[in-house]
Amino acid sequence: MRILVIGSGGREHALAWKIAQSPLVKELWATPGNPGIGRVARLLDVKGEDLEGVARAARSRAIDLVVVGPEGPLCSGLADRLERDGVPVFGPSAAAARIEGSKAFAKEVMAAAGVPTAGHAVFTELEPALAHARAHGGRIVVKADGLAAGKGVVVCQGMAEAEAALTAMLVERVHGSSGARVLLEELLEGPEASVIALADGERVRLLPAAQDHKRVADGDQGPNTGGMGAFSPTAHVTPAVEREVEERVMLPALRELARRGAPFRGALYAGLMLTPRGIRVIEFNCRLGDPETQPILMRLQGDLVPALLAAARGDLSGVTLRVDPRAAVGVVLAAEGYPGRVASGDAIAGAEADLGPDVQIFQAGTARSADGTLVSSGGRVLTVTALGADLAAARARAYDALSRIRLRGSHYRRDIGVK
Ligand code: AMP
Ligand code: GLY
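As the structure is a computational prediction, the values presented were derived from the model and not from experiment. The written sequence of each chain sets the order in which its residues are numbered from 1. All chains are assigned letters beginning with A, and all ligands numbers beginning with 1, in the order in which they are written. Residue-level local features of this predicted model are given only where pLDDT is at least 70; pairs of side-chain atoms are given and counted only at 80 or more, and the full residue set underlies all totals for whole chains, interfaces and linings. To obtain the side-chain values, all non-hydrogen atoms of the structure were included, while hydrogens and water were left out.

1. Here's the deal with the site of ligand 1
1) Next: We call a residue near a given molecule or strand whenever any one of its heavy atoms falls within 4 Å of it. Inspection of the region around ligand 1 gives 14 residues, with Glu185, Glu186, Leu188, Glu192 and Glu283 positioned closest.
2) Next: Between ligand 1 and the protein, one listed contact pairs a nitrogen atom with a backbone N or O atom of leucine 188 at 2.8 Å.
3) Next: To measure how exposed things are, a 1.4 Å probe is used in the Shrake-Rupley method; for residues, cover is taken only from the protein chains shown. Protein burial of ligand 1: of its 480 Å² of free accessible surface, 93% is covered by the chains.
4) Next: Of all the elements in the fold, those that place two or more residues in the shell around ligand 1 are β7 (139-144), β8 (153-157), β9 (182-186) and β17 (278-285).
5) Next: When residues are sorted by character, Ala, Val, Leu, Ile, Met, Phe, Trp, Tyr, Cys and Pro go into the nonpolar class, Asp, Glu, Lys and Arg into the charged class, and all the rest, Gly among them, into the polar class. Looking at side-chain class alone, the shell around ligand 1 contains 8 nonpolar, no polar and 6 charged residues. Polar contacts here mean pairs of N or O atoms no more than 3.5 Å apart (in protein, one a potential hydrogen donor and the other a potential acceptor; neighbouring residues in sequence count only if both atoms are side-chain atoms). In DSSP terms, a helix is any run of H or I states spanning at least four residues, a strand is any run of E spanning at least two, and both are numbered starting from the N terminus.

2. Some words on the site of ligand 2
1) Next: If you check the shell around ligand 2, you find Asp212, Lys214, Gly226, Tyr269, Asn285, Arg287, Gly289, Asp290, Pro291 and Glu292 and nothing else.
2) Next: The backbone of glycine 226 places a nitrogen or oxygen atom 3.4 Å from a nitrogen atom of ligand 2.
3) Next: Measuring from an oxygen atom of ligand 2, one finds a side-chain N or O atom of asparagine 285 at 3.2 Å.
4) Next: In the complex, 91% of the free accessible area of ligand 2, which totals 200 Å², lies under the protein chains.
5) Next: For the shell around ligand 2, the class distribution of residues is 2 nonpolar, 3 polar and 5 charged.

3. What to know about the side chain of lysine 143
1) Next: Its location among the elements puts lysine 143 in strand β7.
2) Next: Owing to a relative accessible area of 5%, lysine 143 belongs among the buried residues under this scheme.
3) Next: Contacts were defined at the residue level, with two residues in contact if any of their heavy atoms lie within 4.5 Å. Here lysine 143 is in contact with Lys103, Gly152, Val153, Met169, Arg181, Val182, Leu183, Glu185 and Ile282, once residues within four sequence places are set aside. Buried means the residue's accessible area, taken with a 1.4 Å probe over protein chains only, is under 20% of the maximum for its type, while exposed means over 50%, and partly exposed covers the values in between.

4. Topic: the packing of helix α6 (residues 103-113) against helix α9 (residues 239-259)
1) Next: α9 packs onto α6 with a crossing angle of 105° between their chain directions and a minimal axis gap of 9 Å. In terms of orientation, α6 and α9 fall into the roughly perpendicular class. Listed contacts from α9 to Phe105, Val109, Ala112 and Ala113 of α6 are Pro252, Ala253, Glu256 and Leu257.
2) Next: Taken together, the residues of the contact of α6 with α9 break down into 7 nonpolar, no polar and 1 charged. To get an axis, fit a line to the C-alpha atoms, keeping to the stretch in contact for a helix; angles then go from 0 to 180 degrees between the N-to-C directions. Roughly parallel here means an angle under 35 degrees, roughly antiparallel means over 145, roughly perpendicular means 65 to 115, and every remaining angle is called oblique.

5. Here's the deal with the nonpolar core
1) Next: The biggest cluster of nonpolar side chains holds 53 residues, and the ones touching the most others in it are Leu82, Ile99, Met250, Phe264 and Phe284.
2) Next: Here this core takes 8 residues from α9, the largest share from any one element.
3) Next: Excluding anything up to four places from it in sequence, phenylalanine 264 contacts Pro92, Ala96, Ile99, Ala199, Asp200, Gly201, Leu254, Leu257 and Cys286.
4) Next: Joining through side-chain atoms within 4.5 Å is the link that ties buried Ala, Val, Leu, Ile, Met, Phe, Trp, Tyr and Cys residues into a set, and such a set is a nonpolar core. In this structure, Ala14, Leu28, Ala312 and Leu387 belong to the second largest nonpolar core, which totals 39 residues.

6. Observations concerning the pairing of strand β10 (residues 192-200)
1) Next: The buried fraction of β10 is high, at 8 of 9 residues.
2) Next: With 9 bridges joining them, β10 and strand β16 (residues 265-275) adopt antiparallel strand pairing. Bridge assignment links alanine 197 to a residue of β16, and that residue is leucine 268.
3) Next: The criterion for strand pairing is that DSSP finds at least two bridges linking the strands in question. The hairpin formed by β10 and strand β11 (residues 204-206) contains 3 residues between the paired strands, and glycine 201 there has a positive phi angle of roughly 110°.

7. Some details on helix α1 (residues 10-20)
1) Next: α1 sits mainly inside the fold: 10 of its 11 residues count as buried.
2) Next: Regarding α1, the residues found buried are Gly10, Arg11, Glu12, His13, Ala14, Leu15, Ala16, Trp17, Lys18 and Ile19.

Limitation: the analysis is restricted to geometry and does not speak to function.
Given below as structure tokens:
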């Protein structure tokens, strides 16, 4: 088979690394990729949002399967465009991707399907939004309706914070039109977990559950980020919770999307809060998580390609996933300044070392300078991911690998997998 991976982050590096191990793969391509992905795939220079460009690339290289990493191209209709040419795509249509692209739409689907979630109200005007927040004493979650690169959510503990967040989104438009409509959500409490399912439109196969760390600093301090590290498994997601997620979250959501004429094929990601009153979905994503994918794929045994192809073709019935009982921990090394303005162009040392099969250094914000040096080129630079007999052993191995990497001004959390 000839496979094309779309994207350039740590998630896509992990996907390409895993896909490259498949005996079914004759050629692996990626676009735009990064230097790490370039070690396992041939790189093209087309952006995922360039739908015609990707379609042309897929046609000219006789691609048999396109695997889309990020949400942007999916929400823009990349899967629809490729399917018009008869190319199987792992990733949903634009209509189904709205489950991530519009939080208000996701809430509508959840309400219709009976999926447990936080109570909410939608606003476009400041004054009524403030009145609603006041009625909850300011203890409320403010969310931009549209895509905001994981930064459109503010958890508020009081009116001052709520007013600042609402003013920034509705008046100052810090997220542009994505924040012209906001959701105010009930503030939930409890451990979080990410459960991702491969979906074929009606059936699912759950990937091993993971837990992300969204705040930038140790102890969940500081602003939210795209994710600073993840681990799998998580003790909170027992087999009983997995069953509940499948039956009360994934399958009802799929049925409701199909009923609306938007069957979901690809990776359906449920961000969960395990509250004292039961599971609640805090978000759906239309793709694999980043950085969750990095530890999850290290735990997945066997060939991933038949599962991706089966989801793309709409029939997962013959697919069983095998999971390594060991634990995996992925720690993100971020550039100076992340999640704000970041430094780039700094040399990275030690990121391309071979540390054996139980440690993988997945690249994200990296580039190759003119003289061939690996340099930083984005906020999240690497995800150093390791397997171990248990979480403690996996953590120790990941942090040992991290201690050998040098990037001026970089930072990472020291507590991934501790909670
Ligand atoms: P999201 O971008 O939707 O994943 O939200 C980012 C983070 O905000 C989540 O990982 C949670 O930690 C937090 N969050 C989102 N919604 C809620 C909620 N209703 N109650 C409490 N925390 C929330
Ligand atoms: N790590 C969270 C996400 O991928 O949305």
